[in-house]
Amino acid sequence: MARKSSIKQLDPRLREAVDTLIRDGRATLDEIIAHLAQLNGGQAPVSRSALGRYAQQATAQMERYREAQEVAKVWVDKFESEPNGDVARLLPEMLRSVAFQTLGALSEREEMAGAEEVMLLAKAMKDLASTDKLTTERILRIRQETAKVAAVEAVREAKAQGLSDEAAEVIRQKILGVV
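Reference entry: report on the structure contained in this document. Sequence order as written defines residue numbering, which begins from 1 separately in each chain. Local features in this predicted model are restricted to residues whose pLDDT is 70 or higher, and side-chain atom pairs enter the listing and the counts only when it is 80 or higher, whereas totals over whole chains, interfaces and linings include all residues. To get the side-chain values, all heavy atoms of the structure are used, and hydrogens and water are removed first.

1. Here's the deal with the overall build of the protein chain
Okay, so step 1: A helix here means a DSSP run of H or I that spans at least four residues, while a strand means a run of E at least two residues long, and both kinds are numbered starting from the N terminus. Counting secondary structure elements, the protein chain contains six helices and zero strands.
Okay, so step 2: Helices and strands in the protein chain line up, N terminus first, as α-α-α-α-α-α.
Okay, so step 3: Note that the radius of gyration is over C-alpha atoms, with the globule rule given as 2.2 Å times the number of residues to the power 0.38. Here the C-alpha radius of gyration of the protein chain, 29 Å, is well above what a compact globule of 179 residues would show, namely 16 Å.
Okay, so step 4: Counting only C-alpha atoms, the protein chain reaches 100 × 30 × 25 Å along its principal axes.
Okay, so step 5: Note on exposure labels: buried denotes an accessible area under 20% of the residue type's maximum, exposed denotes more than 50%, and partly exposed covers the range between, all computed with a 1.4 Å probe on protein chains only. The buried share of the protein chain, taken over its 179 residues, is 19%.
Okay, so step 6: For the area figures, the Shrake-Rupley method with a 1.4 Å probe applies, and any residue is considered shielded solely by the protein chains shown. As presented, the protein chain carries roughly 13300 Å² of accessible surface, and 57% of it is formed by carbon and sulfur atoms.
Okay, so step 7: Taken as two groups, the 27 positive and 28 negative side-chain charges of the protein chain have centres that lie 2 Å from each other. This count recognises Lys and Arg as positive and Asp and Glu as negative, with His and chain-terminal groups excluded. By convention, charge coordinates are those of NZ in Lys, CZ in Arg, CG in Asp, or CD in Glu.

Okay, here's the thing in structure tokens:
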């Protein structure tokens, strides 16, 4: 098992300074080391190579996050334009997949998952279940409205063809599923 990064073991104040400088993307590794030394009383608490590895991982992670945001924006735009389309059904499945991948990643870490991480994951799973319920209810509502429209059209057409009101009512009830 790999050793924990010396950057991750830093005092939270120093680690936040490192994260901020990496996120800004304007400081070189040497400038970050100098800044850490200044904050730490003259001595840099980490090596340049450790900082380089950490910066590389952080940059890759930020890039994946940006890509995910761009993909999400495309999906959300598509979802807004077609709320009952394939994307509407696909998004909860994608989120469920991400939640299970996150669970897998949490189990592979050497440190225990924090209560906050577990709580957020549980909330995400609960929200997914709610989404499934709402989607099912929406589909049922759409089907019911479609059946009502079809029943009205069938009755109108049946009456136009000379069917009695009672026979037309039987047809309407059959279409709507009323026994």
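Continuing now.
2. Quick look at helix H6 (residues 165-176)
Okay, so step 1: Relative to the 16 Å expected for 12 residues at 1.5 Å per residue, H6 spans 16 Å between its end C-alpha atoms, a close match to the ideal helical length.
Okay, so step 2: Downstream of H6 by one or two residues, Gly177 has phi in the positive range, about 80 degrees. How far a helix is expected to stretch is found by multiplying one less than its residue total by 1.5 Å.

3. Quick word on the pattern of salt bridges
Okay, so step 1: We define a salt bridge as a side-chain nitrogen of Lys or Arg found within 4 Å of a carboxyl oxygen belonging to Asp or Glu. Evaluated as defined, the whole model comprises 12 salt bridges.
Okay, so step 2: Between Arg66 and Glu63 there is a salt bridge; the shortest N-O distance is 3.1 Å. With Arg66 and Glu63 both in helix H3 (residues 48-81), this residue pair falls three residues apart, about one helical turn.
Okay, so step 3: Salt-bridge contacts for Asp165 lead to Lys159; the nearest nitrogen and oxygen are separated by 3.5 Å.
Okay, so step 4: What makes Lys159 partly exposed here is its relative accessible area of 43%.

4. Comments concerning a nonpolar patch on the surface
Okay, so step 1: On the surface, Leu163, Ile171 and Ile175 cluster together to form a nonpolar patch covering roughly 200 Å² of accessible area.
Okay, so step 2: Inspection of the secondary structure assignment puts Ile175 in helix H6. Within the patch definition used here, like charges are joined within 9 Å and nonpolar side chains (Val, Leu, Ile, Met, Phe, Trp, Tyr) within 5 Å, considering only residues with over 30% relative accessible area and no salt bridge.

5. Some remarks on the nonpolar core
In globular proteins that are soluble, nonpolar side chains generally tend to be buried together.
Okay, so step 1: Judged by nonpolar contacts, the single largest core of 14 residues is most densely connected at Ile7, Val18 and Ile22.
Okay, so step 2: Only helix H1 (12-24), helix H2 (29-39) and H3 provide two or more residues apiece to this core.
Okay, so step 3: Among the elements that line this core, the one with the most residues is H3, at five residues.
Okay, so step 4: Apart from the residues lying within four places of it in its own chain, the contact partners of Ile7 are Arg15, Val18, Val46, Ala50, Leu51 and Tyr54. The nonpolar core is taken to be a set of buried Ala, Val, Leu, Ile, Met, Phe, Trp, Tyr and Cys residues, with the residues joined through side-chain atoms within 4.5 Å. Contact criterion: two residues are considered in contact whenever any of their non-hydrogen atoms come within 4.5 Å of each other.

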